[in-house]
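Descriptive analysis of the structure
What follows is the residue order along each chain.
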Amino acid sequence: MRRLFAGLAVGTFLLATAACGSSGDSGTSGEAASSGGITTVKLGLIPIVDVAPVYLGQKKGFYEKHGLKLAISTAQGGAAIVPGVVSGQFQFGVSNVTSLMVAQTNNVPVKAVTNASASTGVRGKDFNALMVKKGSTIKSPKELEGKKVAINTLKNINETAVRAAVRTAGGDPDKVKFVELAFDQMPAALDQGQVDAVCVVEPAAATVRSQGGVQIASPLIDIAPDLTVALYFTSQQYLQKNPDVVKRFQEATAESLAYADAHPDEVRAIVTTYTKIPAAVLERVTLPKWPAEANRPSIEALAKLGQEDGLFKTAPDLDKLLP
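As a starting point, this report considers the structure included with it. Please read all numbers here as calculations on a predicted model, not as lab measurements.

Helices and strands together make up the secondary structure of the protein chain, namely 15 helices and 11 strands. Going through the 323 residues of the protein chain one by one, you find that 57% of them count as buried. Look at the contacts in the protein chain between residues 6 or more apart in sequence, and 80% of them connect residues 24 or more apart. Counting only carbon and sulfur atoms, one obtains 50% of the accessible surface of the protein chain, whose full area is about 12,900 Å².

Looking now at the packing of helix α11 (residues 243-262) against helix α12 (residues 264-271). Where α11 meets α12, the closest approach of the two axes is 5 Å, and the angle between their N-to-C directions is 105 degrees. Here α11 is positioned roughly perpendicular relative to α12, judged by the angle of their axes. Facing Tyr-259, Ala-260, Asp-261 and Ala-262 of α11, the residues of α12 in contact are Pro-264, Glu-266 and Val-267. Across the contact of α11 with α12, the residue classes break down as five nonpolar, no polar and two charged.

Right, let's talk about the pairing of strand β7 (residues 148-151) for a bit. In terms of strand pairing, β7 meets strand β8 (residues 177-180) through four bridges, oriented parallel. Across the sheet, the residue bridging to Val-149 is Phe-178, located in β8. This β-α-β element, β7 to helix α6 (residues 157-168) to β8, shows right-handed connectivity.

Let's shift gears to the pattern of salt bridges. Tallying each qualifying case throughout the model produces 11 salt bridges. A salt bridge links Lys-60 to Glu-266, with the nearest nitrogen and oxygen atoms 3.8 Å apart. Placement of Lys-60 in helix α2 (residues 52-60) and of Glu-266 in helix α12 is noted, with a sequence separation of 206 residues between them. Overall, the relative accessible area of 28% leaves Glu-266 in the partly exposed class. The salt bridge partner of Glu-202 is Arg-209, with a shortest N-O separation of 2.5 Å. Taken together, the shared-partner salt bridges in this structure form one network comprising Arg-163, Arg-167, Asp-174 and Asp-309.

Turning our attention to α12. Note on helix geometry: an α-helix contains 3.6 residues per turn, so any two residues three or four positions apart are oriented the same way. Within α12, the full set of buried residues consists of Val-267, Ile-270 and Val-271. Axial view of α12: buried residues confined to an arc of 105 degrees, hence all on one face. In this structure, the buried residues of α12 make contact with α2, α11 and α13 (279-282).

This part covers the layout of surface pockets. Considered as a void within the structure, the largest pocket measures approximately 530 Å³ in volume. Along its surface, the largest pocket is lined by 21 residues, and Pro-47, Phe-183, Asp-184, Thr-275 and Lys-276 are the ones closest to its centre. Approximately 230 Å³ is the volume attributed to the second largest pocket. Among the elements of the structure, β5 (110-118), α11 and α15 (318-321) are those that each provide at least two residues to the lining of the second largest pocket.

Procedures and definitions
Residues numbered from 1 in each chain as written. Predicted model: local features only at pLDDT ≥ 70, side-chain atom pairs only at ≥ 80, totals over all residues. Heavy atoms only, no water. Helix = DSSP H or I, 4+ residues; strand = E, 2+ residues; numbered from the N terminus. Buried < 20%, exposed > 50% of the residue type's maximum accessible area, 1.4 Å probe, protein only. Contact = heavy atoms within 4.5 Å. Areas by Shrake-Rupley, 256 points an atom, 1.4 Å probe, with all protein chains shown as cover. Axes fitted to C-alpha atoms, helices over the stretch in contact; angles between N-to-C directions. Parallel < 35°, antiparallel > 145°, perpendicular 65-115°, else oblique. Nonpolar A, V, L, I, M, F, W, Y, C, P; charged D, E, K, R; others polar. Pairing = 2+ DSSP bridges. Right-handed = clockwise from strand over helix to strand, strands pointing away. Salt bridge = Lys/Arg side-chain N within 4 Å of Asp/Glu carboxyl O. Arc of directions from axis to C-beta. 1 Å grid on protein atoms, 1.4 Å probe; cavity = no way out; pocket = protein on both sides within 12 Å on 5 of 7 lines; lining within 4 Å. Points joined across faces, edges and corners; volume = space filled by probe spheres on them.

Set out below in structure tokens:
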């Protein structure tokens, strides 16, 4: 599943849906179920801080107010969620922007519907970090040449980010040895010396810091200032058949994003309900930004780097992909 989008064909995407995460899954498969004026929609999420607004919005009743009930499932990354949405296993999902662009350039019918998360734009204070263990001799991304760097999915946004950081520091990203590893496994792998560095997001980044880990770069910021990192999306087919449900999901999510941005303490509290991060570590978590609108220039920069890194067969059509 993790390598789904490394240039594979559309048929592989659809065959792989059974391997998507299913934790917390409920409701009927395929089409959304309606009962008593409430439509139940299945939503595929990644158990990281980025998606906290959805859990918070669900708790505050924003989705119910718009006639929706969320049946949430989890997966390791957007590359696993995309085929689930396209096949109808989920009605909506979250994915980093690169996974969606890769999918679209492989003729997978995805459509972003609303923003999900963005970089803080502040170096050293972003929710994504390139980190080394305590006592490491590596002080700069340039020194990662010939070293093992863990990323959650090969040929995806974090590989682009690390490559951008290495390039910005004057190094050759082609000499970096990328290792695929789930975010929650990165702190232990780094601490045990299995990898030399990790490109990690919260809450795992806070865990690495609690182990004495040192940040050497803010790689998302090396792609573009205020980078739009992830988007909530649906399939073109579901959008065409259920425009009202999609509109209600957009509205409820917009409320959730705005509320989360204004209530960081409540965000930290809700994160404890779907991750295993200890409260003491959570206090040190750097939250992403949750703007209402996607930053198109930043997505264009990400697309350009993705092309240079060979992630896409053709240039992504952002007019078709973005809301």
